[in-house]
Amino acid sequence: MTTETRPSDPADHAAARAALLADPGPVGRPRREALAAATDDWLAGLLTAAGAPPGVALVAVGGYGRGELSPRSDLDVLLLHDGPIARELPERIWYPVWDAGAKLDHSVRTVAEARAVAAADLKAQLGLLDARHLAGDPALTAALRSAVFTDWRASAPARLPELRELGRERAERHGELSFLLEPDLKEARGGLRDVVALNAVAATWLADAPRDGLDAAALRLADVRDALHLVTGRATERLSLQDQDQVAERLGVLDADTLLRQVYEAARTIAYASDVTWRAVERVLAARTGRGRRVGRLAIPFTGVSRGAGAVARGAVERRPLAEGVVEQDGEAVLAQGARPAADPVLPLRAAAAAAQNGLTVSYATVRRLAAECRPLPVPWPDEAREQLVTLLGAGEAAVPVWEALEAEGLVTRLLPDWERVRCRPQRNAVHRWTVDRHLVETAVRAAAMTRRVARPDLLLVAALLHDIGKGWPGDHSEAGEVIVRDLAPRMGFGAEDTETLAVLVRQHLTLVDTATRRDPDDPATVEAITKVVTTLPELELLHALTEADALATGPAAWSSWRASLVDGLVARAADRLAGAVTAPVEAAPSAEQERLAVEAARTGEPALSLRAQAEGTDPGAGPTGAGTAGAGTAAAPMGTERMGTGPMGVELNLAVPDRPGLLGTAAGVLALHRLTVRSAGLRELDPIGAGPVLLLSWRVAAEFGELPEAARLRADLRRALDGSLDVARRLAERDAAAPRRRGIPTPPPLVAVAPAVASATATVLEVRAHDAPGLLHRIGRALDESGVRVRTAHVSTLGAEAVDSFYLTDEAGRPLAAQRAGEVAATVRAALG
């Protein structure tokens, strides 16, 4: 090479660099590689021109070491030597770089010194993992790389927790890239720095990140950073609002919103890969130190799989059942060995709900398998699918990582196709903290803490998830959202009345705040404006809770004590206007089967019952898929010793018993013993032959783990419990004591309240709202029995994971309870629920 074109000339390098940046051809990774190659030639020439002796090497580290340079990237260079060198040698290299205006991060060390610095400084060690030879003695660079990787793998158990903590600190300082209007492309959670961390984890051979989409996500962020450097002329990592249009134009992207969506999608891919990887690291490190989950006094080791030396031996792993087809393993929800995703379209929602309710997430492999094998849900959805979605949302904060896992594999969009329009959609409003889709999830999280305030927590949670779904369409998002919900709710299996309520909530979700803050609260027309669009007290309760949840999920500036007081006052006045609309539940007339059982019980003085197994979502009156009846002294009919089925099946159980105390709690306890979850129940009095009242209980139950009990055994246990030979309370207590404790999730405290007298003229109505749990109805029934009151009628519903029950109570003479006694009964039930 002639002296006129020598690569050590700063002017020549600057000209070559400028030509690369001006060339419209190579962009993205090819241009970064070309910039790195040109810089390599320049620095190699500088080392040669400096007269470097043998035993010296010039090494690129950090981002430059990875062989890619953004237009304004720093140069991280190490001058490596194996013995004394002249002091002037480094200066002959560094000064030309500074004279050229390049930012240089440099050091001069031996291999031993570099290892010592790395041992003391994690960031230095990470940079050395990307060490790449530029010029000089290649054997010296090879020795450094070998030593650095050996040290890194040996120190991984100590260094990886430190690396994870660095990531957490960065996230606290810079936020989550996926939701920021002006994100830091490098330092924010889900940014390029996290990609470096994931590669460092892979270099330990202990764990590796899920690679699908990860490289493409990292490339996208790097391309945006390149464009940002060129637009601003600075080495900035923050994608500021004023630069986004120009960056989008340089990248050939439609507009700034589309650019942000692409950035957010890439960041979510990286953030999710980080979550999966760090959970894997945690399991492997726990296995290496002998820390496993404990069952009783025995430590059960984790199963770990290593990619290299020091592999963790496969051992016994604890698997605890969570739901049908779902178990807990290593702190994650995974599929049971007998699960059949291809035959169970509800399984993704069931796994997600079980994980969230137990404070877990769904494992990466499980989500991948569910996405690959599960068929789409039928339309309309089965009842179980809708209930599991509500259960997932009702878990509050614990639902967020589970939702993110489903979304990472496209399962959310498969369930709710309209979700795609709001996914990663930015909100260019300083009040909003989140993208549209995450705001919807956060609103559901806030609503989960308000489920005690409403009679229909399922409608509240679904409305919270969908209230801004119209933001993906042109025009007023509330109007667009109403149209979407009127189509979507029936597909989700909601009836006409519930669909109408959801549509009203979505259409009017801004009405309370807008009216309360913009209209005169003392003007009768203000209250009338509310009662025209919300016509019942239950709807008003729902809209009030949705309004607050929406505002709290928006950000600190969207809700204040002043706004809350205005909305509360408006709601109170509207409630007074709607107070006359309170009506008792309308009971359907007893079926022919129920009347027959009541007659049999009245004639014999003994319990009579029928069992009917049915698929979830079918009409209970449409006829059984299998049935059996048993009265006093009669043998069990068909299904006597047969299993009532497996999978998502339900049971309709009717029980008629001559009036006696404690019936509700006793029967509920037997069902709990058989691991049957009560989805709904009703209790009423009949007097079919004029011989005295007969209590008729009608239940819809589902098996907790999918396999229903033997019909004959269930019948026998019901009889034994009713005649006193089976101590249900003791059996439940023994089982609970033997069961391993799960961490669970925080839930709102139970609400036990006496309804206003207008709710019923002939009985005192006790309302109970609580998080559902095994034996809940049994505890309520026992408390009512201990209080010495008669349960004349009961209406029991389990909506997702929330129990919403009403009990119509009288004293021994059949009269409503006195106010003081009603309060005492409520206190007894409250105490029973803890």
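Quick notes on the rules
Residues numbered from 1 in each chain as written. Predicted model: local features only at pLDDT ≥ 70, side-chain atom pairs only at ≥ 80, totals over all residues. Heavy atoms only, no water. Helix = DSSP H or I, 4+ residues; strand = E, 2+ residues; numbered from the N terminus. Buried < 20%, exposed > 50% of the residue type's maximum accessible area, 1.4 Å probe, protein only. Contact = heavy atoms within 4.5 Å. Areas by Shrake-Rupley, 256 points an atom, 1.4 Å probe, with all protein chains shown as cover. Pairing = 2+ DSSP bridges. Axes fitted to C-alpha atoms, helices over the stretch in contact; angles between N-to-C directions. Core = buried A, V, L, I, M, F, W, Y, C linked by side-chain atoms within 4.5 Å. Phe/Tyr/Trp six-rings, centres within 6.5 Å; stacked < 30°, edge-to-face > 60°. Lys NZ or Arg CZ within 6 Å of the ring centre and 35° of its normal. Parallel < 35°, antiparallel > 145°, perpendicular 65-115°, else oblique. Left-handed = near helix turned anticlockwise from the far one by under 90°. Nonpolar A, V, L, I, M, F, W, Y, C, P; charged D, E, K, R; others polar. Salt bridge = Lys/Arg side-chain N within 4 Å of Asp/Glu carboxyl O. Polar contact = N/O pair within 3.5 Å; in protein donor to acceptor, adjacent residues only side chain to side chain.

> I would appreciate a short explanation of the overall build of the chain in the present structure.
If you tally the helices and strands in the chain, you get 31 helices and 19 strands. Looking at the chain residue by residue over its 834 residues, the buried ones come to 53%. Restricting the contact set of the chain to residue pairs at least 6 apart, pairs at least 24 apart contribute 70%. When the accessible surface of the chain is summed, it comes to about 35600 Å², and 52% of that surface belongs to carbon and sulfur atoms.

> I keep staring at the sheet that holds strand S3 (residues 104-109) and nothing clicks. Help me out?
On the basis of which strands lie adjacent, the open sheet formed by four strands has the order S3-S2-S1-S4 and mixed pairing. Each end of this open sheet is capped by a strand with a single partner; those strands are S3 and strand S4 (132-136). Taken pair by pair, the neighbouring strands of this sheet meet at an average axis angle of 25°, ignoring direction. Here six bridges tie strand S2 (residues 75-81) to S3, and the two strands are oriented parallel to one another. Residue pairing across strands places leucine 80 opposite arginine 109, the latter belonging to S3. Where helix H2 (residues 29-49) meets the sheet, it contacts strand S1 (56-60), S2 and S4, and its direction lies at approximately 35° from that of S4. Sheet strands touched by helix H5 (residues 111-120): S2 and S3. Its angle to S3, the strand with the most contacts, is close to 120°.

> How should the nonpolar core be read in this particular structure?
The biggest cluster of nonpolar side chains holds 92 residues, and the ones touching the most others in it are Leu392, Trp403, Trp419 and Met492. If we skip the residues at most four places from it in the chain, methionine 492 touches Trp381, Arg386, Leu389, Leu416, Val462 and Leu466. Counting 54 residues, the second largest nonpolar core, distinct from the first, contains Val701, Leu784, Val789 and Val825.

> Explanation requested: the packing of aromatic side chains in the structure shown.
What the rule picks out here adds up to four aromatic pairs. Note on tyrosine 272 and tyrosine 364: the rings are 6.3 Å apart at their centroids and 50° apart in plane angle, and the pair reads as tilted. With a gap of 92 residues between them, tyrosine 272 in helix H12 (residues 256-288) and tyrosine 364 in helix H14 (residues 364-373) connect regions that are remote in the sequence. You can call tyrosine 272 buried: its relative accessible area is 11%. Both rings, one in tryptophan 403 and one in tryptophan 419, keep their centres 5.4 Å apart while their planes meet at 65°; by these two values the pair is edge-to-face. Of the two residues, tryptophan 403 sits in helix H16 (residues 399-408) while tryptophan 419 sits in the loop between helix H17 (411-415) and helix H18 (436-448), which places them 16 residues apart along the sequence. The ring of tyrosine 64 carries arginine 132 above its face, with NZ or CZ at 5.3 Å from the centroid.

> Quick question: what am I supposed to make of the sheet that holds strand S7 (residues 320-323) here?
Strand-to-strand pairing in sheets goes through backbone hydrogen bonds, with the strands running parallel or antiparallel. Pairing is mixed in the open sheet, where four strands are placed in the order S7-S8-S9-S10. One side of each edge strand has no neighbouring strand; the edge strands of this open sheet are S7 and strand S10 (361-362). Against the sheet, H14 makes contact with strand S9 (332-335) and S10, and its axis sits at roughly 40° relative to S9, the strand it touches most.

> What is the right way to read the packing of helix H10 (residues 214-232) against H12 from this model?
To describe two helices that pack against each other, one gives the angle between their axes and the distance between the axes. Between H10 and H12, the shortest axis-to-axis distance is 9 Å and the interhelical angle comes to 135°. What the angle tells us is that H10 and H12 run oblique. Crossing hand, H10 versus H12: left-handed. Between H10, through Leu214, Ala217, Ala218, Arg220, Leu221 and Val224, and H12, the contact on the second element is made entirely by Leu259, Gln262, Val263, Ala266, Thr269, Ile270 and Ala273. Class assignment for the residues of the contact of H10 with H12 results in ten nonpolar, two polar and one charged.

> Please clarify how helix H15 (residues 383-393) should be interpreted in this entry.
Working note: α-helix, 3.6 residues per turn, so residues spaced by three or four point in the same direction. The buried count for H15 comes to eleven of eleven residues, which makes it a mostly enclosed element. Those residues of H15 lying buried are Asp383, Glu384, Ala385, Arg386, Glu387, Gln388, Leu389, Val390, Thr391, Leu392 and Leu393.

> Sorry, what's going on with the environment of leucine 566 here?
Positionally, leucine 566 belongs in helix H25 (residues 561-578). As for leucine 566 and proline 521, which are separated by 45 residues in sequence, their C-alpha atoms are 8.1 Å apart. Leaving out residues up to four positions away in the same chain, leucine 566 has contacts with Ala516 and Thr517.

> Quick question: what am I supposed to make of helix H19 (residues 457-466) here?
Burial runs high along H19: ten of the ten residues are buried. Within the sequence span of H19, burial applies to Pro457, Asp458, Leu459, Leu460, Leu461, Val462, Ala463, Ala464, Leu465 and Leu466.

> Looking at this structure, how should I read the pattern of salt bridges?
Two side chains bearing opposite charge may form a pair once their charged atoms approach each other closely. The tally for this structure, following the rule as stated, stands at 54 salt bridges. The salt bridge involving glutamate 802 is made with arginine 452; its shortest N-O contact spans 2.3 Å. Here glutamate 802, found in strand S19 (residues 802-810), pairs with arginine 452, found in the loop between H18 and H19; they are 350 residues apart in sequence, far enough to count as distant. Accessibility expressed as a relative area gives 4% for glutamate 802, which makes it buried. With a shortest N-O distance of 3.2 Å, glutamate 600 and arginine 596 are connected by a salt bridge. Note that glutamate 600 and arginine 596 are positioned in helix H26 (residues 592-604) at a spacing of four residues, about one turn of the helix. The exposure class of arginine 596 is partly exposed, given its relative accessible area of 35%.

> It is not clear to me how the environment of histidine 467 should be interpreted in this structure. Could you clarify?
Among the structural elements, histidine 467 can be located in the loop between H19 and helix H20 (477-491). Histidine 467 sits 42 residues away from histidine 509 along the chain, and the two C-alpha atoms are 6.9 Å apart. In this structure histidine 467 touches His439, Leu440, Thr443, His477, Val506, His509, Leu546 and Asp550, once residues within four positions along its chain are discounted. Here histidine 439 takes part through its side chain, which lies 3.2 Å from a polar atom of the side chain of histidine 467.

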